Amino acid sequence: PRRHFAAFVVTDVDPESEGDARAALIRTLAPAGFAHLPTACSSQTAGLVQCARMIRSHEAARGRKFAWVARQRIDTLGCTVSWPAVAPPRATGVILVPHGWCNHSKGGMVADNWAFMSRDVLDTYAAAARLERPLFEALRRANVSMWNIGNSAQWFDGGPPCFKIVREGSIKGNSYVYQTTLAEPWRLTEALNASKRPVSFKSEIACVP
């Protein structure tokens, strides 16, 4: 039910020059909070810190904290957390990401495309999500239990990954196989269908020798 959740959006979409896109975003998500970051100031960290600030203000206004936070990078179609069937292994200090790993000699990483976390993890995540390795280290220092959707990979039985990064125009250089562009509508359809596949806490990210 709508009373049990709220959406918050932070984007560098220009509210003046891209009014239609902004209006469509607000109309679709009906966010409780919407913030525009100028492109010159836009970054994952800045956006997440701003989003966390809006969440805190919303919680203060209603006199109650959220129990869980779902983060979706705005350039990514991600998987669906199947609530309440997601069955978190604990109520606090836990996060679910699409994939990640840890090796004692090389350190570790967790993907930043999307995440589902207990509310107490948000500030740590927001401050460190600019890069995948520092994010892992920050979560580990905070004793957060990190989980992925299974077998350390993002694939479902050889099918499409549980997220696709959506870019405008062509993709240049050594791009990932799960990237797509707005000029490829069939790939967007594939990505959207993949994002509807429910995921849950399958495998804890534990360091191995």
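Our structure is the block above this text.
Residues numbered from 1 in each chain as written. Predicted model: local features only at pLDDT ≥ 70, side-chain atom pairs only at ≥ 80, totals over all residues. Heavy atoms only, no water.

Q: I'd like to hear about helix α2 (residues 44-62), residue by residue, with values.
A: A rise of 1.5 Å per residue sets the reference length of α2, with its 19 residues, at 27 Å; its end C-alpha atoms lie 27 Å apart and thus fit the reference within 8%. Those residues of α2 that fall on the buried side of the exposure criterion are G47, L48, Q50, C51, A52, M54, I55 and E59. Phi turns positive one or two residues past the end of α2, at G63, with a value near 70°. (Helix = DSSP H or I, 4+ residues; strand = E, 2+ residues; numbered from the N terminus. Expected span 1.5 Å × (residues − 1). Buried < 20%, exposed > 50% of the residue type's maximum accessible area, 1.4 Å probe, protein only.)

Q: Kindly report on the pattern of salt bridges, identifying the contributing residues and their values.
A: A complete count under the given rule lists four salt bridges for this structure. Two residues, R119 and E59, come together in a salt bridge whose shortest N-O distance is 2.8 Å. Taken together, the positions of R119 in the loop between β9 (114-118) and α3 (122-128) and E59 in helix α2 put the pair 60 residues apart, joining distant regions of the chain. R119 sits in the buried class, given a relative accessible area of 9%. Its salt-bridge partner being D112, residue R73 comes within 3.0 Å of it at the nearest N-O pair. Taken together, the residues R73 in the loop between β3 (68-72) and β4 (76-78) and D112 in the loop between β8 (107-110) and β9 connect sequence positions 39 residues apart. (Salt bridge = Lys/Arg side-chain N within 4 Å of Asp/Glu carboxyl O.)

Q: Tell me what's going on with helix α4 (residues 132-141), and back it up with residues and numbers.
A: Every buried residue of α4 is listed here: L135, F136, A138 and L139. Angularly, the buried residues of α4 cover 165° about the axis, an arc narrow enough to put them on a single face. Where α4 is buried, its residues contact β6 (94-97), β7 (100-103), β8, α3 and β10 (145-148). Positive phi appears at N143, one or two residues downstream of α4, with a value of about 60°. (Arc of directions from axis to C-beta. Contact = heavy atoms within 4.5 Å.)

Q: I'd like a description of the packing of aromatic side chains, backed by residues and values.
A: As enumerated under the stated definition, the model contains four aromatic pairs in all. Centroid distance F8 to F66: 6.2 Å. Interplanar angle 85°. Geometry classified as edge-to-face. In this pair, F8 sits in strand β1 (residues 8-11) while F66 sits in the loop between α2 and β3, placing the two residues 58 residues apart along the sequence. Judged by centre distance (6.2 Å) and plane angle (75°), the rings of W147 and F201 are edge-to-face. Here the residue W147 occupies a position in strand β10, and F201 occupies one in the loop between β13 (198-199) and β14 (203-204), the gap between them amounting to 54 residues. (Phe/Tyr/Trp six-rings, centres within 6.5 Å; stacked < 30°, edge-to-face > 60°.)

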